[in-house]
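Breakdown of the fold
Letter by letter, the chains look like this.
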Amino acid sequence: KVRYTPLSRARAHILLCSHHEPHKTTLLSAHSLFLRNNTMSFVSNSEERKKKWMTFMETNRMFFGSGNDENENEMNENKSCLIVVDVQNDFLSPTGALSVPNSEEIIEDVNALVDVFSERNELVIFTQDWHCPEHSSFASAEKNKKPFDEVVKCYKKNEGGEVKVVQTLWPDHCVQGTKGAEFHERIRVPTSAKVIRKGFRKRVDSYSAFLENDKETETGLSEFIRGVNKGLELSSLTSSSKSDDNAAKSPKITHCVIVGVAFDYCVRFTAEDAFELFDRVVVLEDVTRAVNLGDSVKEARKAMEQKGVHVVKISDGDNNI
């Protein structure tokens, strides 16, 4: 009796067919070849993607700094970080509650970038939508409203007055503790990465990784980045190998790269708010996908470029920042 672990439909089919004794050896050999070829193809593809992004970073060395290059100053003052926005099942899976079209296409590039930044000892951050049930951004929480309708939300400001924000109403998605809120199973989240959960306050949505939609409430990421930079500064000041001149050039995360979903919402507002902390901000458009409601993509690109965000699409030959 043949036993198997159903890693794939192909494997299950091959092993079940192997009950036919005359073909058993041939079928099992075919199965082994199938696994080996697919594994080799996957590894080769992953390495090529990593090489592509390493070349991109090398081309833009002034932006990304030297990483782990031992031939250069170990404590390069220009450091960069990677922010991966909301790569969760409800967004990336075709059956997700708020599936972003073609978003599974970005998974391997996300993984390659995470590997590259991790190998360079650069900071990697993942954001995670983390809504409570009956969240105020859900269409189901509003009477006589349906998904993708818009309403105006009013938020009181700490110093008095209020701010009015146009809120798109969404299908219930990324509810705390559900499968849809988990990171996609093919996304690699290293143990060294920082995970920032946002949108967990019932009264207000949170597109940005830094600020909720009331434009006042912080998610905690800004404080975390400041803490990392303070640690880098103290580390350089206490290093016995540093002269006074070099100590003045304390290493600091000054550059930010953003990927994920959705280009026209959470990626956009994360990029806009990132300028409060970083000197330069890049969105790699090839590694994002958009919800694309009305003119949302056009408006997002215009808003980011007006803010000074570098929206880069290397598939169009745009290999320079």
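Residues numbered from 1 in each chain as written. Predicted model: local features only at pLDDT ≥ 70, side-chain atom pairs only at ≥ 80, totals over all residues. Heavy atoms only, no water.

1. Considering the confidence of the model for the protein chain
Stated precisely, the cut-off is as follows: Summary of the metric used: pLDDT quantifies the predictor's per-residue confidence within the range 0 to 100. It only takes one pair of heavy atoms within 4.5 Å for two residues to be counted as in contact.
Within the protein chain, residue pLDDT values average 83, and 77% of them lie at 70 or more. pLDDT under 50 marks residues 38–42. Its contacts with residues more than four places away, or in other chains, come to one contact.

2. Some words on empty space enclosed by the protein
Basically, it comes down to this: Whether a set of points on the 1 Å grid over the protein atoms alone is a cavity depends on a 1.4 Å probe fitting there but being unable to get out, while an open set qualifies as a pocket with protein on both sides within 12 Å along at least five of seven lines; lining residues are those with an atom within 4 Å of a point. Grid points are joined across faces, edges and corners, and a volume is the space filled by probe spheres set on the points. Under the convention adopted here, Pro, Cys and the residues Ala, Val, Leu, Ile, Met, Phe, Trp and Tyr are nonpolar, Asp, Glu, Lys and Arg are charged, and Gly plus all remaining residues are polar.
Scanning the entire structure with this criterion turns up two cavities of 30 Å³ or more. Considered as a void within the structure, the largest cavity measures approximately 150 Å³ in volume. Lining the largest cavity are 17 residues; nearest its centre among them are F91, L98, D129, W170 and C266. Here the residues of the lining of the largest cavity are counted per class, giving ten nonpolar, three polar and four charged.

3. Here we look at the packing of aromatic side chains
We count it as follows: Whether two aromatic rings pair depends on their centres lying within 6.5 Å, for rings of Phe, Tyr and Trp, where Trp uses its six-membered ring; planes under 30 degrees apart make the pair stacked, over 60 edge-to-face, and the rest tilted. Think of it this way: any DSSP run of H or I at least four residues long counts as a helix, any run of E at least two long counts as a strand, and we number them from the N terminus. Only protein chains enter the accessibility calculation, which uses a 1.4 Å probe. A residue is then buried if its area is under 20% of the maximum for its type, exposed if over 50%, and partly exposed in between.
Summed over all chains, the structure comprises eight aromatic pairs. Consider the rings of W53 and F56, whose centres lie 5.7 Å apart with planes at 85°: the pair is edge-to-face. Pair noted here: W53 and F56 are both in helix α2 (residues 24–59), with a separation of three residues, about one helical turn. For the pair shown, W53 and F56 are each scored as buried.

4. Some points on the nonpolar core
Note the following rule: Residues grouped as a nonpolar core are buried Ala, Val, Leu, Ile, Met, Phe, Trp, Tyr and Cys residues, joined through side-chain atoms within 4.5 Å.
Counting residues in each nonpolar core, the largest one holds 71 residues, and the members touching the most others are W53, L82, I83, F126, I258, F278 and L284. Sequence-distant contacts of L284, defined by excluding residues within four places in its chain, comprise W53, F56, L113, V257, I258, V259 and V312.

5. Here's the deal with helix α6 (residues 221–237)
Short version of the rule: Helix span is expected to be 1.5 Å times the residue number reduced by one. Arc, as used here, means the arc of the directions from the helix axis to the C-beta atoms.
When the terminal C-alpha atoms of α6 are compared, their 24 Å separation across 17 residues agrees well with the 24 Å that a helix rising 1.5 Å per residue should span. Residues of α6 that are buried: L221, S222, I225, N229, L232 and S236. Within α6, the buried residues cover an arc of 105° as seen down the axis, which keeps them to one side. Buried residues in α6 make contact with β1 (78–85), β2 (123–129), β5 (194–198) and β6 (252–261).

6. Examining the packing of helix α8 (residues 263–274) against helix α9 (residues 296–307)
Our working definition: Lines are fitted to the C-alpha atoms to define the axes, a helix being fitted only along its stretch in contact, and any angle between axes, read from their N-to-C directions, falls within 0 to 180 degrees. Just so you know how the angles are binned, under 35 degrees is roughly parallel, over 145 roughly antiparallel, 65 to 115 roughly perpendicular, and the rest oblique.
Where α8 meets α9, the closest approach of the two axes is 9 Å, and the angle between their N-to-C directions is 10°. On the basis of the axis angle, α8 is roughly parallel to α9. For the pair formed by α8 and α9, the contact residues are F263, D264, Y265, R268, A271 and E272 on the first element and S296, V297, E299, A300, R301, A303, M304 and K307 on the second. A per-class count over the contact of α8 with α9 returns seven nonpolar, one polar and six charged.

7. Points about the layout of surface pockets
Looking at the largest pocket, its volume works out to about 330 Å³. Around the largest pocket sit 15 residues that line it, and V166, T168, Y265, R268 and F269 are the ones nearest its centre. Of all the secondary-structure elements, those providing two or more residues to the lining of the largest pocket are β4 (162–168), α8 and α9. Of the residues that constitute the lining of the largest pocket, the class distribution is seven nonpolar, three polar and five charged.

8. Some details on the pattern of salt bridges
So the rule is basically this: We count a salt bridge whenever a side-chain nitrogen from Lys or Arg sits within 4 Å of a carboxyl oxygen from Asp or Glu.
The tally for this structure, following the rule as stated, stands at 20 salt bridges. A salt bridge links E119 to K50, with the shortest nitrogen-to-oxygen separation between them at 2.6 Å. A residue pair is termed long-range when its members are at least 10 positions apart, and E119 in helix α5 (residues 107–119) and K50 in helix α2 qualify at 69 residues. Residue K50 is classed as buried on the basis of its relative accessible area of 13%. In this structure, R201 engages E212 in a salt bridge whose closest nitrogen and oxygen atoms are separated by 3.1 Å. Here R201 is found in the loop between β5 and α6, whereas its partner E212 is found in the loop between β5 and α6, with eleven residues between them in sequence. Residues participating in the shared-partner salt-bridge network are R49, K52 and D109.

9. Here we look at the pairing of strand β3 (residues 150–156)
To keep things clear, this is the line we draw: One bridge is not enough; two strands pair if DSSP finds at least two bridges between them.
Burial of β3 is one-sided: the residues V151, K153 and Y155 facing one way are buried, the residues E150, V152, C154 and K156 facing the other way are not. By the bridge criterion, seven bridges tie β3 to β4 in an arrangement that is antiparallel. Bridge pairing in β4 links K156 to E162. Hairpin connection, β3 to β4: the antiparallel pair is bridged by five residues, and G160 has positive phi, about 105°.

10. Concerning α9
Over its twelve residues, α9 extends 16 Å from the first C-alpha to the last, a length consistent with the 16 Å expected when each residue adds 1.5 Å. Of all the residues in α9, the buried ones are S296, V297, A300, A303 and M304. The buried residues of α9 occupy an angular sector of 135° when projected down its axis, which confines them to one face. Turned more than 90 degrees away from the buried face of α9, the exposed residues are K298, K302 and Q306. Each element contacted by the buried residues of α9 is listed here: α8, β7 (280–289) and β8 (310–312).

11. Comments concerning unusual backbone geometry
Omega for the peptide link from V261 to A262 comes to -5°, which places this bond in the cis form. With a phi angle near 50°, D86 is a residue other than glycine that sits in the positive phi range. Mapped onto the elements, D86 comes out in the loop between β1 and α4 (89–92). Positive phi, close to 80°, is recorded for F148, a residue that is not glycine. Residue position: F148 is located in the loop between β2 and β3.

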